[in-house]
Amino acid sequence: MSVRHTWVVGEGGTRTSWFDVRLAFADGARVDALAVLSGQDVRVEDVRAEPPLSLDDLAVLAEWLENPLFEACVPAPARAEPSASRRARPAWPRGREGRRLVAQEYRTAREAGGDPVLAVMRATGHSRRKSLRLIGQARDEGFLTPRRARR
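What comes next is a walk through the structure. (Residues numbered from 1 in each chain as written. Predicted model: local features only at pLDDT ≥ 70, side-chain atom pairs only at ≥ 80, totals over all residues. Heavy atoms only, no water.)

### Observations regarding the pattern of salt bridges
So, point 1. Tallied over the entire structure, the rule returns nine salt bridges.
So, point 2. Note that Asp32 and Arg22 form a salt bridge whose closest N and O atoms lie 2.6 Å from each other. One end of the pair, Asp32, is in strand S3 (residues 30–38); the other, Arg22, is in strand S2 (residues 14–24), and ten residues separate them in sequence.
So, point 3. Judged by relative accessible area, which is 39%, Arg22 ranks as partly exposed.
So, point 4. Among the salt bridges present, the one from Arg133 reaches Asp56, with a minimum N-O distance of 3.0 Å. With a gap of 77 residues between them, Arg133 in helix H5 (residues 128–141) and Asp56 in helix H1 (residues 55–59) connect regions that are remote in the sequence.
So, point 5. What makes Asp56 partly exposed here is its relative accessible area of 36%.
So, point 6. Overlapping salt bridges, with partners in common, bring together Arg22, Arg30 and Asp32 in one network. (Salt bridge = Lys/Arg side-chain N within 4 Å of Asp/Glu carboxyl O. Helix = DSSP H or I, 4+ residues; strand = E, 2+ residues; numbered from the N terminus. Buried < 20%, exposed > 50% of the residue type's maximum accessible area, 1.4 Å probe, protein only.)

Laid out in structure tokens, this is it:
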């Protein structure tokens, strides 16, 4: 991973800085991004990937870039140790354990007469689409009954 300070534009009292970010993986894949530091905000303006990123990979791109961008953008004396995780989404286990917990949330909400998809969304912090995907994976894993008979 490399972060390179590209250029700075100052107008009045504000400064805007651009950074080129490159992630290179062992299999030859790479991700190039253009990040902008303006005031206290860091934003990713452009992303190019070879091969193209899946939606799941695009969703975790911010996590991949967060620490290297923080180190490049924030001067060393201003850095403070983070007291807790800055993720807005609650921690949720991945893999089989995560699918088992999704099924448990789904069944609990269904028994209580609530919306099971909404319950999974609240528990995982994911969007409706991602929650439906997790529910489908839990069904495929056998934690939930099949939705319809397969032919």
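### Concerning unusual backbone geometry
A negative phi angle characterises most non-glycine residues, just as the trans form characterises most peptide bonds.
So, point 1. Note that the residue after Glu50, namely Pro51, is joined by a cis bond; omega there is -5°.
So, point 2. Along the chain, Pro51 falls in the loop between strand S4 (41–50) and H1.

### Re the sheet that holds strand S1 (residues 2–11)
So, point 1. Across the sheet, four strands lie side by side as S1-S2-S3-S4; this open sheet has antiparallel pairing. Whereas interior strands pair on both sides, the edge strands pair on one side only; in this sheet they are S1 and S4. Taking each pair of neighbouring strands and ignoring which way they run, the sheet shows an average axis angle of 15°.
So, point 2. Pairing of S3 with S4, which is carried by nine bridges, proceeds in the antiparallel orientation. Paired with Leu34 across the strands is Asp46, a residue of S4. (Pairing = 2+ DSSP bridges. Axes fitted to C-alpha atoms, helices over the stretch in contact; angles between N-to-C directions.)

### Examining the nonpolar core
So, point 1. Phe19, Val21, Leu23, Val31, Ala33, Ala35, Leu37, Leu61, Leu65 and Leu69 form the largest nonpolar core, which has ten residues in total.
So, point 2. Put simply, the parts of the chain that give this core at least two residues each are S2, S3 and helix H2 (61–73).
So, point 3. In terms of residues, this core owes the most to one element, S3, which gives four residues.
So, point 4. Look past the residues within four positions of Leu65 in its chain and what remains in contact with it is Met1, Val21, Leu23, Ala33 and Val44. (Core = buried A, V, L, I, M, F, W, Y, C linked by side-chain atoms within 4.5 Å. Contact = heavy atoms within 4.5 Å.)

### Notes on the packing of aromatic side chains
So, point 1. Inspection of the entire model under this criterion finds one aromatic pair.
So, point 2. Between Trp7 and Trp18, the aromatic rings sit 5.2 Å apart at their centres with planes inclined by 20°, giving stacked as the arrangement. One end of the pair, Trp7, is in strand S1; the other, Trp18, is in strand S2, with eleven residues separating them in the sequence.
So, point 3. Judged by its relative accessible area of 40%, Trp7 is partly exposed. (Phe/Tyr/Trp six-rings, centres within 6.5 Å; stacked < 30°, edge-to-face > 60°.)

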